[in-house]
Amino acid sequence: MPTTAFTITGCTIVNPDSGIAVPGSLSVSGGLVGTPPGSEQAILDGTGLFAIPGLIDMHVHATSDPHGRTASTWSEISTTTMTLSAVDNLATALNNGVTTVRDLGAPRDVGYGIRAAWSRDLFVGARPFVAGPAITAVGGHGSWLGVESEGPASIGALVRRNAASGSDVIKLMMRSAARRMELRPEELREAVAEAHWLDIPVAVHANFSERSIDVAVQAGCDTLEHGFVISDATADAMSKQGTALCSTSVALHSIVEQPQRWIRQGGKELVDRAVQQFPEARRSFERALGAGVTVIAGTDAGVSGVAFDALPRELKTMVEWGATPQQALVAATSAAAQALRHPELGTLQPGTPADIVLLRANPLTDISACAAVEAVIQRGRVIRLDSPSRLYGLEMYPAPGTVLPPRTR
Ligand SMILES: [Zn+2]
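Predicted, not measured: the structure shown is a model, and the values here were computed from it.

Draft legend 1. Here's a closer look at the overall build of the protein. The helix and strand inventory of the protein stands at 12 helices and 19 strands. Against the compact-globule benchmark of 22 Å for 409 residues, the protein has a radius of gyration of 21 Å, which places it among compact chains. Along the longest, intermediate and shortest principal axes, the C-alpha atoms of the protein span 60 × 45 × 45 Å. Taking all 409 residues of the protein together, the buried fraction comes to 54%. Excluding contacts between residues fewer than 6 apart, the proportion of contacts in the protein whose partners are at least 24 apart in sequence is 70%.

Here it is in structure tokens:
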């Protein structure tokens, strides 16, 4: 029976919100941080390591295979295949220090099913929050991973259906680069009003179209996904009303760096638009930062070429695009947790779930440290530890990707 109470000794504890790192130790008990340890004196020697809250990727598609192994188009992928992909992807995320993800669109009931399986401890992987089916216009972007709205009069029912099925967030799709079909402003407003009435946050996909971005922000969405062309006025509006930006620059890098792969998947129009607007995406991010918009970290992992180990690169790009290392760390921890409406994640405060990542360098100095993972702890279980000699009287939990792990307690 693995010990569930232990102390991480000799580490440096990084507080993303204050930007302060102090030497100390962290106790873990009953899956929580900082509650008094039990009689067992198990230790994880954290000497030389930096403890941060488990990272959160706010934009993934866990049911999709980023390596293109499962099928060439979404419509060919079975529910079973999607489930296998999700276990593989959530395992990769967890192994790389991403203890929580927000899944923004999966067909039918697949997303809910994966969340239920995770909740029942049927596999070892990142904690999924799920949108369920994305809501799009008839024939619109993402219709393969969602449901189609027939207009302002019917969209509220789609929101309610998702809410009844248990969506943690409502995902709405505005136009993509390659398609002109999109929700109308009044349709979007109706959907946002319905979701907010039900007290569920709203994420809106709007990438290369300034009009789509403006409409999404004016409708009062909670998180703007992609947002590669935000005007000064819209950045100000986002800042005032508290709309966060989930920038997904890794996905944009993937399109620009692997154009042939993306032409096959998304069409030439999308690739041309991405290449042409790449510099604008950076300026857009800079304008948002300058206006004081809350930035949250998302990768769009699951799309072609963006695997579930991509979050450190997203954070690195944020810093290259003008964020401080602290802002990037906040984007993947406390700000992300706030946007999930689960502020108990993304912090190492006593009494919160013990999702802890131990890094070999200080991310406040160099954000690349987020890729130098030495250990991952999720819900108080040691999931990954590169130097087993650091453990005293403590057993590892089964590795990420393990299906039907033994019950611990
Ligand atoms: Zn996406």
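Draft legend 2. Expanded view of the domain arrangement of the protein. Once the domains are mapped, the protein shows domain 1 (6-53 + 347-392) and domain 2 (55-340). Taken over C-alpha atoms, the centre of domain 1 sits 29 Å from the centre of domain 2. Each partner contributes to the interface: domain 1 provides 21 residues, whereas domain 2 provides 20 residues. No other element matches strand E17 (residues 373-378), which puts three residues into the side of domain 1 that touches domain 2. In the side of domain 1 that touches domain 2, the residues fall into 12 nonpolar, five polar and four charged.

Draft legend 3. Here's a closer look at unusual backbone geometry. We note that Thr 248 has phi near 50°; this positive angle belongs to a residue other than glycine. As for its placement among the helices and strands, Thr 248 is situated in the loop between strand E14 (244-246) and helix H7 (249-257). In the Ramachandran plot, Arg 379 falls in the positive-phi region, its phi being about 50° despite a non-glycine side chain. Mapped onto the elements of the fold, Arg 379 is located in the loop between E17 and strand E18 (381-385).

Draft legend 4. Quick peek at the sheet that holds strand E7 (residues 98-103). Pairing is parallel in the open sheet, where three strands are placed in the order E6-E7-E8. What marks the edges here is a single partner per strand, and that holds for strand E6 (55-60) and strand E8 (127-130). Between one strand and the next, the sheet's axes are offset by a mean angle of 20°, whatever the strand orientation. Relative to E7, E6 runs parallel, the two being bridged by four bridges. Among the inter-strand pairings, Asp 57 is bridged to a residue of E7, identified as Val 101. Across the sheet, helix H2 (residues 110-119) lies against E7 and E8, angled at about 150° from E8, the strand it touches most.

Draft legend 5. Here's a closer look at the pairing of strand E2 (residues 20-29). As judged from the eight bridges shared by strand E1 (residues 6-15) and E2, these two strands associate in the antiparallel manner. What sits directly across from Asn 15, in E2, is Ile 20. If you look at the hairpin formed by E1 and E2, you'll find four residues sitting between the two strands, and Gly 19 has a positive phi there, around 70°. Looking at chain direction, E2 and strand E3 (residues 32-33) are connected through two bridges and run antiparallel. Opposite Val 28, over in E3, you have Val 33 as the bridge partner. Counted along the chain from E2 to the antiparallel partner E3, the turn is two residues long, and its residue Gly 30 has a positive phi close to 60°.

Draft legend 6. Main features of the nonpolar core. Counting residues in hydrophobic clusters, the biggest one holds 128 residues, and the most contacted among them are Ala 51, Ala 216 and Ala 336. Looking at this core, the element that brings in the most residues is helix H1 (residues 79-95), giving seven residues. Among the domains, domain 1 (6-53 + 347-392) and domain 2 (55-340) are the pair contributing at least three residues each to this core. In this view, Ala 216 contacts Met 174, Leu 188, Val 204, Ala 206, Cys 221 and Leu 224; residues no more than four positions away in its chain are not counted.

What counts as what
Residues numbered from 1 in each chain as written. Predicted model: local features only at pLDDT ≥ 70, side-chain atom pairs only at ≥ 80, totals over all residues. Helix = DSSP H or I, 4+ residues; strand = E, 2+ residues; numbered from the N terminus. Rg over C-alpha atoms; globule rule 2.2 N^0.38 Å. Buried ≥ 20, exposed ≤ 12 C-beta atoms within 10 Å, placed from the backbone. Contact = placed C-beta atoms within 7 Å. Domains from an automatic or database assignment. Nonpolar A, V, L, I, M, F, W, Y, C, P; charged D, E, K, R; others polar. Pairing = 2+ DSSP bridges. Axes fitted to C-alpha atoms, helices over the stretch in contact; angles between N-to-C directions. Core = buried A, V, L, I, M, F, W, Y, C linked by C-beta atoms within 7 Å.

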